[in-house]
Amino acid sequence: MGKRGQRGVRSLAAAVVAALAWAGVASGADVGANDDTGKFAPDAGAAFYADMAALGLRQTVVTVRWQPSDPLALGERTLLDLTVAAARTAGLSVVFATYPYPPREIEAGLARPEAFGAWLAELAHRYPEVRQFVVGNEPNQPAFWRPQYARARQLSARSFGPFLAAGYDALKGVDPTINVVGVGLSPRGNDRPTAKSNVSTSPVRFLAALGSWYRASGRERPLMDGLSFHPYPNAATDPLSRGYAWPNAGFVNLDRLKQALWDAFAGTAQPTTVDGLRLYLDEVGWQVDTSGVDAYVGTENVPVTTEAAQAAIYGELVRRAGCDPDIAQVNVFGFRDDALRTGFQAGLYRADGSIRPAAGEVAAAIADGRCLGAPAAWRPVRAVQGAARPVTRVSGDVVAIDLTAAEAASARVCLLPGAQTLSSARRVMAARAIGVACATASVAQNRRTTVALPRRGGAVTLAVRLVAETNSARTTTVVRQLR
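Described in the following lines is the structure provided in the data block. (Residues numbered from 1 in each chain as written. Predicted model: local features only at pLDDT ≥ 70, side-chain atom pairs only at ≥ 80, totals over all residues. Heavy atoms only, no water.)

Right, let's talk about the environment of Ala358 for a bit. Positionally, Ala358 belongs in helix 11 (residues 357-368). Accessibility expressed as a relative area gives 0% for Ala358, which makes it buried. In contact with Ala358, other than residues within four places in its own chain, are Gln310, Ala311, Tyr314 and Leu348. (Helix = DSSP H or I, 4+ residues; strand = E, 2+ residues; numbered from the N terminus. Buried < 20%, exposed > 50% of the residue type's maximum accessible area, 1.4 Å probe, protein only. Contact = heavy atoms within 4.5 Å.)

As structure tokens, then:
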């Protein structure tokens, strides 16, 4: 780092200390960075972690992979010994992000949950100062877990579940106070088992499948103390306010993720955010333009935002996270950029070690501890989300009924004789009476589905019952008189 960079770090650190003294103890989520740079630095990361601490960051997330074909190995032991000590000397907590890798060995059947658990136990014994383990890394993406499907049936959640369970049990066996954070979900997936590339699973449907596996397994212990989620934007040019359509999710769609957790695990031994589970946003970042900086090589492969926009987004992200008591941590991915432009450039420091405007925004947001916006207060939704009132069109003796919802659902649509109330319509539909015209349909999220039914003479009542795809206990029934 040059003298200009050193002066910038010292002045920023002084500003952070002054702000902390003025603000008192900051509230909200702990902020850190997910970056392995320190692990490979000649000084084991001493300077790297000192820079992180100077901004007020609280933890560093360090990757430790388990190779199924060499299940007892810990090839980075020497590096980990040094970098864990360096991070703790700088005042940072160390989080281990652990997962089986590479996915081809999982697909080949070389990975065994019990072997993974034994490896995790050994890791925890060797590093008792590490109090938090993330178990899993984007198992809803084929880059980290394969196969995703088997004959169109969702498979990755069901095959990942035993590894998460084995990891939880092994770590709690070493020390019940270790914080086991599960899954490391990607924000997106295409849910297309026949896609030509990137066959993946959306986070909502992955959690639904994981919950189905968990309930069927008969397990009576939790899988995790917290959920790790990676709320990257769909594009780096997106503002923080732009999320995803269901069943994917970004930072502004965390209610959707909480609902998915509740749908999957409510009533089991696995807590949801309703009863104590917290969210760990362990990877998040907006990539920026690096043109004109000599430290970078290669050609950018994705659209990027400006450093000013990144700074504003990061400051807002930290402050909005502070409004949500369910968010435990926010970890920027990475703290310092990759020099190769085909890598990732979303850090608080550039590849040459110079400091970005985003660093100051994050430091200020940590220091003042303010909640930007209204405090979050989420409760489970027990109806089908975004179910719109059916729209009808009558043409001769046929009634066309348009159905829409903000999530996937199944529908039963009936034309009932006479004037029915909501309660009587429910009884008639449940009885499946002879002579009642009904049809069933699948309602895709955010798309119109049209059902056609024959209409007989006289007064009739349209009755529609929607059932959420991810939780059959969440229903919406509406009735409408047709004349």
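Moving on, we come to the state of the cysteines. All told, the structure shown has two disulfides when counted by the stated rule. Between the sulfur of Cys323 and that of Cys371 lies a disulfide, 2.0 Å long from S to S. Taking the sign of the S-S torsion, 115 degrees for the link of Cys323 and Cys371, the bridge is right-handed. With Cys323 in the loop between helix 10 (307-321) and strand 10 (327-333) and Cys371 in the loop between helix 11 and strand 11 (391-395), the pair connects residues that are 48 residues apart, well separated along the chain. For Cys323, a relative accessible area of 7% corresponds to the buried category. (Disulfide = S-S within 2.5 Å.)

Moving on to the nonpolar core. Residues Leu57, Phe96 and Leu348 are the most contacted members of the largest nonpolar core, which totals 88 residues. The residues touching Phe96, leaving out its near neighbours within four places in the chain, are Val62, Val64, Leu80, Val84, Leu123, Tyr127, Val130, Gln132, Phe133 and Val134. With 19 residues, the next largest nonpolar core counts Val384, Ile401, Ala441 and Leu482 among its residues. (Core = buried A, V, L, I, M, F, W, Y, C linked by side-chain atoms within 4.5 Å.)

Don't take any of this as a statement about function, it's just geometry.
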